[in-house]
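# Descriptive structure summary
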Protein chains: 2
Amino acid sequence: MTSVLVVDDEPQIVRALRINLSARGYDVMTAYDGKSALGVAVEGKPDVVVLDLGLPDLDGVEVIAGLRGWSSVPIIVLSARTDSAAKVEALDAGADDYVTKPFGMDELLARLRAAVRRGLTRDVADPVVETSSFVVDLAAKKVRRDGHEVHLTPTEWGLVEVLARNPGRLVSQKQLLREVWGPKHLTESQYLRVYFAQLRRKLEADPAHPRHLVTEPGMGYRFEL
Amino acid sequence: MTSVLVVDDEPQIVRALRINLSARGYDVMTAYDGKSALGVAVEGKPDVVVLDLGLPDLDGVEVIAGLRGWSSVPIIVLSARTDSAAKVEALDAGADDYVTKPFGMDELLARLRAAVRRGLTRDVADPVVETSSFVVDLAAKKVRRDGHEVHLTPTEWGLVEVLARNPGRLVSQKQLLREVWGPKHLTESQYLRVYFAQLRRKLEADPAHPRHLVTEPGMGYRFEL
DNA sequence: CCCCGGCCTCAAGAACGCGTAAAGGTCGGC
DNA sequence: GCCGACCTTTACGCGTTCTTGAGGCCGGGG
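Residues numbered from 1 in each chain as written. Chains lettered and ligands numbered in written order. Predicted model: local features only at pLDDT ≥ 70, side-chain atom pairs only at ≥ 80, totals over all residues. Heavy atoms only, no water.

Looking along a regular strand, one sees the side chains alternate between the two faces of the sheet. All names here are of chain B. Strand 1 (residues 3–7) sits mainly inside the fold: 5 of its 5 residues count as buried. Both faces of strand 1 are covered, namely the face carrying Ser3, Leu5 and Val7 and the face carrying Val4 and Val6. Bridge analysis of strand 1 against strand 2 (residues 27–31) gives 5 bridges, and the strand direction is parallel. Bridging from a neighbouring strand, Leu5 pairs with Met29 of strand 2. In this fold, the crossover linking strand 1 to strand 2 by way of helix 1 (residues 11–23) has right-handed handedness. (Buried < 20%, exposed > 50% of the residue type's maximum accessible area, 1.4 Å probe, protein only. Helix = DSSP H or I, 4+ residues; strand = E, 2+ residues; numbered from the N terminus. Pairing = 2+ DSSP bridges. Right-handed = clockwise from strand over helix to strand, strands pointing away.)

Structure (structure tokens):
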């Protein structure tokens, strides 16, 4: 599911976007000021950010810079300012697109699709992730170990998929919970413990000392190749 | 040098763009209709395409489709049509941006820079901050020293993350406490001393004389590269 | 000279998060 | 209605991490 972070201090705009985006199958996160936006972005790893420039706490350019410091997520800027100086500033700070308010929802959605499409083409790398003891085929949704196929339940596969798409990276508990169980179960970290135990029994040579499905206590999990 | 393909059937627009782009160091190619545009694109492999939609021979969407068949080069569409249907159509066909005529040259150039930037950063590595004795990978949340990975606890990582995102800059005690422990612990500067001692033991060659995790007495801490 | 504020170090108990097992609960197929 | 597969929930032992207090060091000011 594609996730969108909407940042705006006007509740009615956030509400309108949430309704429209949710109806089209996007997973919507929201923030009402710049600092919390940065926090949510770190936690949730959205696929695209819709950012209003008139935030109460931080200047829009600062928010863009804060995101660009560590992420290349597409950023679509919303603003009431129509002068080109504002557009140039935002785009040169690292924004991907600039839409002036009032905006047409159709157009925004189209620009959002364009931004997401670009973001995706970046990591359509080889759909097979391989470790020393098992192989994950992301396209076929299959896992093989010693030549034999290992049967995974839907939830187990969901976890493996998210991890295999971020090999070597630390994936936060919240991101796993959001992508596998949905945004309403962000605190059910016990699920993760139960399922990681199962996955290790199925995939690790020594489940008590996992080499590939690694826990980073207090932070998340990591898929080591 | 960055190369731009300008496609428009109005000579004065092509001329204006050629002058402006050349003056800014771009290598400019031109075409006046859709078919030759596709030919020039194949021959010249431009880094970005500026495409007018009102071409004499082909519909704009066809040109976009023709390019997208083999290339993921960024496409910026120019058009006199302001209705959202036209924008949606072009963007969904694979365009990256849509600018309505008449357009401001500053804005077009900024959107062009944004498009080129995206094209370049397509597959760069994770953002890493590097010092002479250790390496911080912000996306993977990893720290390596002498090739070996160093394990950090969540609090330790929180500090390193804030510092690494502000390399060389002085970060006040309050900012560190607020970002790692939250706004209710702004006076617990002892936490910082304890954790900086731990981090120096883990990361510095000579923990008693830190070179990278530097204390600025009475003010805060600084991450020296 | 001594005092004091700010810093570093060390250590120990409390609090937290993890892994594991096993017991309910739900759903669809037979 | 029964059964199996899967998901959710509870409970508990254990290791790690966080917090907290005490003591020592250093430099500036009285």
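Next, the rest of the story.
Here we take up unusual backbone geometry. Here the amide bond leading from Lys101 of chain A into Pro102 of chain A is cis, since omega sits at -5 degrees, within 30 degrees of zero. Here Pro102 of chain A is to be found in the loop between strand 5 (97–100) and helix 5 (105–122). Despite not being glycine, Lys141 of chain B has its phi angle at roughly 55 degrees, a positive value. Unusually for a residue other than glycine, Asp146 of chain B sits at a positive phi of about 55 degrees.

All names here are of chain A. Mapped onto the elements, Lys101 comes out in the loop between strand 5 and helix 5. A distance of 2.6 Å separates a polar atom in the side chain of Lys101 from a polar atom in the side chain of Asp52. Residues in contact with Lys101, not counting those within four places in the same chain, are Asp8, Glu10, Ile13, Asp52, Leu78, Ser79 and Ala80. (Polar contact = N/O pair within 3.5 Å; in protein donor to acceptor, adjacent residues only side chain to side chain. Contact = heavy atoms within 4.5 Å.)

What follows deals with the protein's contact with DNA strand C. Around DNA strand C, a shell composed of 20 residues is seen, among which Gln190, Arg193 and Thr215 of chain A together with Gln190 and Arg193 of chain B lie nearest. Sugar plus phosphate, as a fraction of atoms of DNA strand C within 4 Å of the protein: 66%. Within the side chain of Gln190 of chain A, a nitrogen or oxygen atom sits 2.7 Å from a base oxygen of DNA strand C. Put simply, the parts of the chain that give the surface near DNA strand C at least two residues each are helix 8 (189–203) of chain A together with helix 8 (189–203) of chain B. Looking at which element gives the most residues to the surface near DNA strand C, the answer is helix 8 of chain B, with 6 residues. Along the lines of polarity and charge, the residues of the surface near DNA strand C split into 6 nonpolar, 8 polar and 6 charged. (Near = heavy atom within 4 Å. Nonpolar A, V, L, I, M, F, W, Y, C, P; charged D, E, K, R; others polar.)

A few words on the sheet that holds strand 10 (residues 170–172) of chain B. All names here are of chain B. What the 3 strands build is an open sheet, ordered 10-12-11; its pairing is antiparallel. Of all strands in the sheet, those bounded by a partner on one side alone are strand 10 and strand 11 (213–216). For this sheet, the mean angle separating the axes of adjacent strands, direction not counted, is 30 degrees. Here helix 6 (residues 154–164) sits on the sheet and contacts strand 10, strand 11 and strand 12 (220–223); the angle it forms with strand 12, its principal contact strand, is near 70 degrees. Sheet contacts for helix 8: strand 11 and strand 12; angle to strand 11, the most-contacted strand, approximately 150 degrees. (Axes fitted to C-alpha atoms, helices over the stretch in contact; angles between N-to-C directions.)

Another point: the protein's contact with DNA strand D. With respect to spatial proximity, 18 residues lie near DNA strand D, and among them Thr153, Thr155 and Tyr191 of chain A together with Thr155 and Tyr191 of chain B are the closest. For DNA strand D, the fraction of atoms within 4 Å of the protein that belong to sugar or phosphate moieties is 75%. Trp181 of chain B places a polar side-chain atom, nitrogen or oxygen, 2.8 Å from a phosphate oxygen of DNA strand D. Of all the secondary-structure elements, those providing two or more residues to the surface near DNA strand D are helix 6 (154–164) and helix 8 of chain A together with helix 6 and helix 8 of chain B.

Counting residues at the interface gives 32 residues for chain B, matched by 32 residues for chain A. Of the roughly 3000 Å² buried where chain B meets chain A, counting both sides, 47% is carbon and sulfur surface. Joining chain B to chain A, the criterion identifies 19 residue pairs in polar contact (both at pLDDT 80 or more). When contributions to the side of chain B that touches chain A are tallied by element, the ones reaching two or more residues are helix 4 (84–93), strand 5 (97–100), helix 5 (105–120) and helix 6 of chain B. The dominant element in the side of chain B that touches chain A, judged by the number of residues it contributes, is helix 5 of chain B, at 8 residues. Taken together, the residues of the side of chain B that touches chain A break down into 13 nonpolar, 3 polar and 16 charged. (Buried area = accessible area lost by both parts, 1.4 Å probe.)

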